[in-house]
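# Observations on the model geometry
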Amino acid sequence: MAGADLGGGGGRSHKKKGSSIKKPKRIGFSLDMTPLVDVAFLLLTFFMFATTMAQPQIMEMSTPPQLDVPIDVQASRLITIYVRFDGKIFYNTGLDPAMQPLELNKIKEFSVQRNSEKGNDLITSLKVDPRAKYSQLIKVLDELNLAEGDLTEKYKQQKTTRERRFAMVQMTEQDKEELAKL
Amino acid sequence: MAHKPKRVGFKLDMTPLVDVAFLLLTFFMLTAKFKSDAESEQKFEIKRPTASADTAKLPEMGTATVKIGIEKGGDTVMYYTVANEKDRGAIYTQVPGLTMEEAAKKAQVMVPDTTVLGHLVLATRSKTSNKVKFAIDADRRINFGRIEQVMNTFRSQGATTFNFVTVSQQSSGKD
């Protein structure tokens, strides 16, 4: 039996007689694993350092193509969100130009509510002060995207399709002055 | 005469250690995504803004990215990179204002101003027959003004759809 030779259990009886040198008992077999471990850890360390975790995500953004002719929009359909230089958020509507403050965590709710009132007609525009931080813009866009997700879901239940009307517009000097007063 | 075996050092059962090591090794090997050439070249850092809504991942191929980062000294720098290696050289060398030897071998090129960026965007669009996805990969601490300039450049070159590169809130924590 091949297994017996390896294990040493069966071979014991043969070597018993006549041998004066005591051989240590062989139980199973042991293998020096140190080089194996060395290599394993080396590779492990290499892969740990070479890996880039957290694959970046993307947030899609469309801007209208450059047109020379301005397009007229019904005042009742327009809502504008402003981000002031210090990151504070305000909004006004086409009909009511007085700017109202808006909390960042209320944007989603606000957008869902306003859009539900107007259906697909509401045009949301976003004006950001060039001095504002980029992170603030992303936060606002994120909230609007979340609202968009909710709206799409809502529309699907009503068997209609959602068309998003959103644009980022350059902030004018006049807007900046208005915002500075608040 | 009792013969006692000599004790040389001591023995430790390394099997569990090896088990764990190999488990981790396998995990890292399978999840490994290597840094691109452009990433290993760059000397500035980009702290990406966090977002939750979008789950789309940044594609590895077919993208052209404008990177706006902050250098060690605190200055903002702008770099441009095209993910496809074979298009890179052809695009970079077309653009006036970039040094040739730099353009030929680098994965990403430094963009001094928006005029050069405009040329780059246009060259990219014509070279890839407009199949490329544009992305803005900017540090969250940067003023929006810089981003706006880039957005306007994209827009003036006809690239009206582009992407903002973000990281998900879970993986980077709150800031």
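Quick notes on the rules
Residues numbered from 1 in each chain as written. Chains lettered and ligands numbered in written order. Predicted model: local features only at pLDDT ≥ 70, side-chain atom pairs only at ≥ 80, totals over all residues. Pairing = 2+ DSSP bridges. Helix = DSSP H or I, 4+ residues; strand = E, 2+ residues; numbered from the N terminus. Axes fitted to C-alpha atoms, helices over the stretch in contact; angles between N-to-C directions. Contact = placed C-beta atoms within 7 Å. Nonpolar A, V, L, I, M, F, W, Y, C, P; charged D, E, K, R; others polar. pLDDT = per-residue confidence, 0-100. Parallel < 35°, antiparallel > 145°, perpendicular 65-115°, else oblique. Left-handed = near helix turned anticlockwise from the far one by under 90°. Buried ≥ 20, exposed ≤ 12 C-beta atoms within 10 Å, placed from the backbone. Arc of directions from axis to C-beta.

With that out of the way, let us pick up the sheet that holds strand E3 (residues 89-93) of chain A. Residues and elements named next belong to chain A. Read across the sheet, five strands follow the order E4-E3-E2-E5-E6 without closing on themselves; strand pairing throughout is mixed. The open sheet terminates on both sides in strands that have one partner only, identified here as strand E4 (100-102) and strand E6 (166-170). Neighbouring strand axes in the sheet, compared pairwise and without regard to direction, differ in orientation by 30° on average. Relative to E3, strand E2 (residues 78-83) runs antiparallel, the two being bridged by five bridges. Residue pairing for E3: Thr80 is matched across the bridge by Asn92.

Turning to the interface of chain A and chain B, a few remarks are in order. Contact residues are listed per partner, giving 42 residues for chain A and 51 residues for chain B. Contributions of two or more residues to the side of chain A that touches chain B are made by helix H3 (34-50), strand E1 (57-62) and helix H5 (134-157) of chain A. Looking at which element gives the most residues to the side of chain A that touches chain B, the answer is H3 of chain A, with nine residues. Considering only residue class, the side of chain A that touches chain B consists of 25 nonpolar, eleven polar and six charged.

Residues and elements named next belong to chain B. With 82% of its residues at a pLDDT of at least 70, chain B reaches an overall mean of 78. Confidence, expressed as mean pLDDT per element, reaches its minimum in chain B at helix H7 (residues 169-172) with 58 and its maximum at strand E5 (residues 133-138) with 88. Here the predicted complex carries an ipTM of 0.72, next to a pTM of 0.72.

With that out of the way, let us pick up the packing of helix H5 (residues 114-127) of chain B against helix H6 (residues 144-156) of chain B. Residues and elements named next belong to chain B. Two elements in contact, H5 and H6, have axes separated by 9 Å at closest approach and are oriented at 40°. One finds that H5 runs oblique with respect to H6. In the crossing of H5 with H6, the sense of the turn from one axis to the other is right-handed. Across from Thr114, Leu117, Gly118 and Val121 in H5, the residues of H6 making contact are Gln149, Val150, Thr153, Phe154 and Ser156.

Let's shift gears to unusual backbone geometry. Residue and element names in this part refer to chain A. Its identity as a non-glycine residue notwithstanding, Lys159 has a phi of 60°, on the positive side. Relative to the assigned elements, Lys159 resides in the loop between H5 and E6. For Lys159, a count of 6 C-beta atoms within 10 Å corresponds to the exposed category.

The subject of this paragraph is the packing of H3 of chain A against helix H1 (residues 15-31) of chain B. Their axes nearest at 9 Å, the elements H3 of chain A and H1 of chain B cross at an angle of 30°. Judged on the interaxial angle alone, H1 of chain B and H3 of chain A are roughly parallel. As for the relative orientation of H3 of chain A and H1 of chain B, their crossing is left-handed in sense. Across the interface between the two elements, Leu36, Val37, Ala40, Phe41, Leu43, Leu44, Phe47 and Met48 of chain A of H3 of chain A pack against Leu17, Val18, Ala21, Phe22, Leu24, Leu25, Phe28 and Met29 of chain B of H1 of chain B. Taken together, the residues of the contact of H3 of chain A with H1 of chain B sort by class into 16 nonpolar, no polar and no charged.

Residue and element names in this part refer to chain B. Those residues of helix H3 (residues 85-94) that sit buried are Arg88, Ile91 and Tyr92. The arc that holds the buried residues of H3, viewed along the axis, is 95°, so those residues lie on one side. Away from its buried face by more than 90 degrees, H3 exposes Lys86 and Thr93.

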